[in-house]
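Residue-level structure breakdown
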Amino acid sequence: MKNALANRLRSASLLAAAVVTILSAGPALAACTEAAQPKVNWRRCSMEGQTLTGVDLSGAMLRDATFQRANLGQAKLTDADGYRARFVSSTAPGAIFDGARLIEADFTRANLAGASFRDADLRNAKMVGASLVRSDLTGAKLSGTDLRNADLSGARWTDGTHICAESSIGQCN
């Protein structure tokens, strides 16, 4: 009788442990080898140094992803979720970040010349030393964004009408 009870308790605790393991696993992590495409899940993926010129990453999940030194020229990142994504020293001239969620993203020393950030959420982003020459910031949320030494020459400011003067460094003049 004691052995039967011990076996049932052991089976019950093994079953409970299995259920806890399954439930705590959470959603599957991104397949970082997936091809660049709209709505791809590259959460926490490293695309460091990759050539992603002209790719369509519209609506992509890019949270905590790394694009350090990547080439994203002419890439489309409309409505992408790049919360805390790292674009340090990336090259993304003409890229489209319209409507993207880029809160706390790091664009330090990135080349974003001619890029579009229309209605993008860049709150608390880091754009230190970035080139935003002729970029479009219409409707962008820049609260807390660090623009130290960023070149905003010829950029369209958040109001959609003001064009930053040449040599606008760190602020739109």
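Up top is the structure.
Right, let's walk through the structure included here. (Residues numbered from 1 in each chain as written. Predicted model: local features only at pLDDT ≥ 70, side-chain atom pairs only at ≥ 80, totals over all residues. Heavy atoms only, no water.)

1. Thoughts on the nonpolar core
Phe-67, Phe-97, Phe-107, Leu-112, Phe-117 and Leu-122 are the most contacted members of the largest nonpolar core, which has 44 residues in total. For Leu-112, the residues in contact, after removing those within four places along its chain, are Ala-92, Phe-97, Phe-107, Phe-117, Met-127, Ala-130, Ser-131, Leu-132, Val-133 and Ser-135. (Core = buried A, V, L, I, M, F, W, Y, C linked by side-chain atoms within 4.5 Å. Buried < 20%, exposed > 50% of the residue type's maximum accessible area, 1.4 Å probe, protein only. Contact = heavy atoms within 4.5 Å.)

2. A short note on the state of the cysteines
Counted by the stated rule, this structure contains 2 disulfides. Linked covalently through their sulfurs, Cys-32 and Cys-45 form a disulfide whose S-S length is 2.0 Å. Between Cys-32 and Cys-45 the disulfide shows an S-S torsion of about -85°. By sign, it is left-handed. Pair noted here: Cys-32 is in the segment after helix 1 (2-24) and Cys-45 is in the segment after helix 1, with a separation of 13 residues, a long-range link. The class of Cys-32 is partly exposed, set by a relative accessible area of 36%. (Disulfide = S-S within 2.5 Å. Helix = DSSP H or I, 4+ residues; strand = E, 2+ residues; numbered from the N terminus.)

3. Overview of the environment of Asn-41
Mapped onto the fold, Asn-41 is located in the segment after helix 1. You can call Asn-41 partly exposed: its relative accessible area is 28%. Sequence separation between Asn-41 and Leu-62 is 21 residues, and the spatial gap between their C-alpha atoms is 6.7 Å.

4. Brief notes about the pattern of salt bridges
When the charged atoms of two side chains with opposite charge come close together, those side chains can pair. The tally for this structure, following the rule as stated, stands at 7 salt bridges. Put simply, Glu-48 and Arg-69 hold a salt bridge, and the shortest N to O gap is 2.6 Å. Linking Glu-48 in the segment after helix 1 with Arg-69 in the segment after helix 1, this pair joins segments that are 21 residues apart in sequence. Here Glu-48 falls in the partly exposed class, since its relative accessible area comes to 36%. Judged by its relative accessible area of 48%, Arg-69 is partly exposed. For Arg-118, the salt bridge is made with Asp-136, and the minimal N-O distance between the two is 2.8 Å. Within this pair, whereas Arg-118 is found in the segment after helix 1, its partner Asp-136 is found in the segment after helix 1, the two being separated by 18 residues in sequence. (Salt bridge = Lys/Arg side-chain N within 4 Å of Asp/Glu carboxyl O.)

Shape is all these values report; function is a separate question.
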